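Here are the chains, one letter per residue:
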Amino acid sequence: MPRRTAALLVAIALGSAAAAGCSSAAGPDRADGSSSGASAPASVPTPVDSAPAASASTDPAPTASASTEVPGPSSSSSSSAPAAASVAVRGTVTDGLDSPWGLAVLPGGDLLVSERDSARILSVSAKDGSRTVAGTVPGVTSGGEGGLLGLALSPDFATDHRVYAYFSTGSDNRIVRLDLDPSRPAGSQLGAPTVLFSGIPHGPRHNGGRIAFGPDGFLYAGTGDANDRSLAQDRDSLGGKILRLTRDGDPAPGNPFPGSAVWSLGHRNVQGLAWDPQGRLWASEFGQDTWDELNPITPGGNYGWPTVEGTAGRAGFTDPIAQWHTADASPSGIAFADGAVWVAALRGTRLWRVPVDGDRAAGAPQEFLRGDYGRLRTVAADGDGTLLLVTDNTDGRGSPRPGDDRILRLDVNGG
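Residues numbered from 1 in each chain as written. Predicted model: local features only at pLDDT ≥ 70, side-chain atom pairs only at ≥ 80, totals over all residues. Heavy atoms only, no water.

**Student:** I tried to follow the overall build of the protein chain on my own but got confused; where do I start?
**Tutor:** For the protein chain, the count of helices and strands is one helix and 25 strands. When contacts within the protein chain are restricted to residue pairs at least 6 apart in sequence, those whose partners lie at least 24 apart make up 60%. When the accessible area of the protein chain is evaluated, it comes to approximately 14,500 Å², of which 50% is carbon and sulfur surface. (Helix = DSSP H or I, 4+ residues; strand = E, 2+ residues; numbered from the N terminus. Contact = heavy atoms within 4.5 Å. Areas by Shrake-Rupley, 256 points an atom, 1.4 Å probe, with all protein chains shown as cover.)

Dropping the structure here:
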């Protein structure tokens, strides 16, 4: 039986009315990588909605239809996170963004944000929220779920001023490096992109797109199966994987498959990457018919897609530590803060908190801000202990409100 078979199963009833921001109609792959969830949900009460500045209620204990087998001891330990927490929206950093996707915090606190469809990278002042167009990335092809996606700063950004970007072209997804020079005029602060890694499968959906540097100094990238589920189990394909690269785009030394950039496989569509203080990598993943997932990632691990979705207890596959019905999550960006993984939900239109102890769940997930700000694309930890939360209601699937899209600053309290 695979490690973490005794995982936390999170099943929230959809009810006779669809959850906020979701569709109740069954059909083909849904927006952001899942179908509408045709299978019957487990019979679990939905938690009470949380107001923007109020504590959220912890999910009630699941009934027998959703297994809550207690996890066994973890091979790696850390302090257990408090079971309950609170979230308060301190304010809006900036608004009026057009389909924002990637986010990076610059030294000193200013932000870089990518816009998926315009292919622009904007610089946002942390002081007053004013925006400057750093530049437009050439070669980007937008459409469907593709476009200018994730951003990451070089670990030596203070001296080398290098920005990494993941984007779609007409034939693939790729990772490039650009120099940023804020002293140049607005619109021309980005140097010409250097292609570091190309050939990641591209499709109208499931393009992954999150990139981040790990504590080991290597660049990690979450990819999707590009609407071809067979790619996820093919070790020779870059689709449906988490990749680990050097800063120059080569397969990183120590990868589990010699000469390959693949770090883990069996993924459907990874758009969230984050590390805890012990250096463990966590990833969020879109499900299709039944379960979205949160997984701690191990090198060479196989996370099951398309053979299994969610917890299966099958030899050779790693089970998630938390899962949601697809209408309640559609997890994109994640961040680690205060002993928990925070998950930005698109279709679910809420922010999830999953307390963890080592590589296992330490309690039931909590939901915050349900429906208050619509679709949530990215969450990131800032250096001052707050979280930054990016909405995405202008991507063609949401319902824009006045001021959308925006970046919010959140105060979080671990309890």
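Next, the rest of the story.
**Student:** Help me understand the nonpolar core, please; the structure alone is not making it clear to me.
**Tutor:** Here is a general trend for soluble globular proteins: nonpolar side chains tend to be buried in one another's company. Of all hydrophobic cores here, the largest spans 20 residues; its most connected members are Y164, Y166, I175, F197, I211, L219 and L243. Where this core is concerned, the elements lending two or more residues are β6 (148–153), β7 (162–168), β9 (194–200), β10 (211–213), β11 (219–222) and β12 (242–245). It is β9 that provides the largest number of residues to this core, a total of three residues. Aside from chain neighbours lying at most four places away, what touches L219 is A152, Y164, I175, I211, A212, F213, L243, R244 and L245. (Core = buried A, V, L, I, M, F, W, Y, C linked by side-chain atoms within 4.5 Å. Buried < 20%, exposed > 50% of the residue type's maximum accessible area, 1.4 Å probe, protein only.)

**Student:** Sorry if this is basic, but what is going on with the pairing of strand β17 (residues 322–325) here?
**Tutor:** In summary, the side chains of a regular strand alternate between the two faces of the sheet. The alternating pattern of β17 places A322 and W324 and Q323 and H325 on opposite faces, both of which are buried. Across four bridges, strand β16 (residues 291–297) lies against β17 in antiparallel orientation. Note that in β17 the partner of L294 across the bridge is A322. (Pairing = 2+ DSSP bridges.)

**Student:** In this structure, what is going on with the pattern of salt bridges? I would like to understand it.
**Tutor:** Side chains carrying opposite charge are able to pair once their charged atoms draw close together. In this structure the tally under the stated criterion is 20 salt bridges. E367 is the salt-bridge partner of R370, the closest N and O atoms lying 3.6 Å from each other. A salt bridge links R375 to D395, with the shortest nitrogen-to-oxygen separation between them at 2.7 Å. Highlighted residues: R375 in the loop between β22 (366–368) and β23 (376–381) and D395 in the loop between β24 (387–391) and β25 (407–413), separated in sequence by 20 residues. Accessibility assignment for this pair places R375 and D395 in one class, buried. Counted as one network, the salt bridges with shared partners bring together D328, R350, E367 and R370. (Salt bridge = Lys/Arg side-chain N within 4 Å of Asp/Glu carboxyl O.)

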